[in-house]
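Below, each chain spelled out in residue letters.
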Amino acid sequence: RLYGPVFKAGAFICYKAEACNLCKMYCQSFPLEQAVNARATCISVRERLNTIASRPGGAECLASKTLALELLRSNYEVPFMLETAPNEYITKTAKVFSKAVMEELEILCKDYFNAKSLEKSDVIEALGSDEDDGDIWLVGKYYEKLLEFDFPVSNSDLNVVDESKLLSDVHYHM
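Presented here is a report on the structure given in the accompanying data block. (Residues numbered from 1 in each chain as written. Predicted model: local features only at pLDDT ≥ 70, side-chain atom pairs only at ≥ 80, totals over all residues. Heavy atoms only, no water.)

Here we take up the overall build of the chain. Check the secondary structure of the chain and you find eight helices and six strands. Secondary structure elements of the chain occur, N-terminal to C-terminal, as β-β-α-α-α-α-α-β-β-α-α-β-α-β. The burial tally for the chain puts 40% of its 174 residues in the buried class. Across the chain, the fraction of contacts at a sequence separation of at least 24, relative to all contacts at a separation of at least 6, is 57%. If you sum the accessible surface of the chain, you get close to 9,400 Å²; carbon and sulfur atoms cover 50% of it. (Helix = DSSP H or I, 4+ residues; strand = E, 2+ residues; numbered from the N terminus. Buried < 20%, exposed > 50% of the residue type's maximum accessible area, 1.4 Å probe, protein only. Contact = heavy atoms within 4.5 Å. Areas by Shrake-Rupley, 256 points an atom, 1.4 Å probe, with all protein chains shown as cover.)

Attention now moves to helix α1 (residues 21-29). Three or four residues apart is the spacing at which side chains of an α-helix point the same way, because the helix has 3.6 residues per turn. Of the positions making up α1, those classed as buried are Cys23, Tyr26 and Cys27. Looking straight down α1, one finds its buried side chains confined to an arc of 90°; they lie on one side. (Arc of directions from axis to C-beta.)

In globular proteins that are soluble, nonpolar side chains generally tend to be buried together. The biggest cluster of nonpolar side chains holds 44 residues, and the ones touching the most others in it are Leu62, Leu72, Phe97, Leu105, Leu108, Leu127 and Phe151. Tallying contributions element by element places helix α6 (residues 99-111) first for this core, with six residues. Not counting residues within four places of it along the chain, the set of residues in contact with Leu72 comprises Phe97, Leu105, Val123, Ala126, Leu127, Leu146 and Phe151. The next biggest cluster of nonpolar side chains, apart from the first, holds five residues, and it includes Cys20, Cys23, Cys42 and Ile43. (Core = buried A, V, L, I, M, F, W, Y, C linked by side-chain atoms within 4.5 Å.)

Structure below.
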């Protein structure tokens, strides 16, 4: 088992349980783009974003739409059953996010970024559609969070599915 920070496949990853000076230095000193994308550090998301924001150009970097859209793109899909008629079902997929992504989106939108500044079409494109019919299905609790963070979406743009309809357990994600 590794302990402490390492570079693995060009990414910075730390396996320590508590904040280490190297991770803090990484967020303070490495190029902004690398520091913004260094999510596998041992410091908290809030500390990482605050450190980046304190750097020259850091607040502007966090206020740009690039990071928010990148986080929205980091969704993944879980299957669910959609009832099309009484006792007739088809399998679809719904978008979900990891707990870490939702935490970062929340801090980003509350402290640095105005999600209302995004175009609705950019949000929809970032969420992506893998369905044949072009529909985007999003689990309800994530849809509610996007609304809470002021993303310009509505239930006319996205199909919202109840978590109880999912065929796999996502309770550990959020």
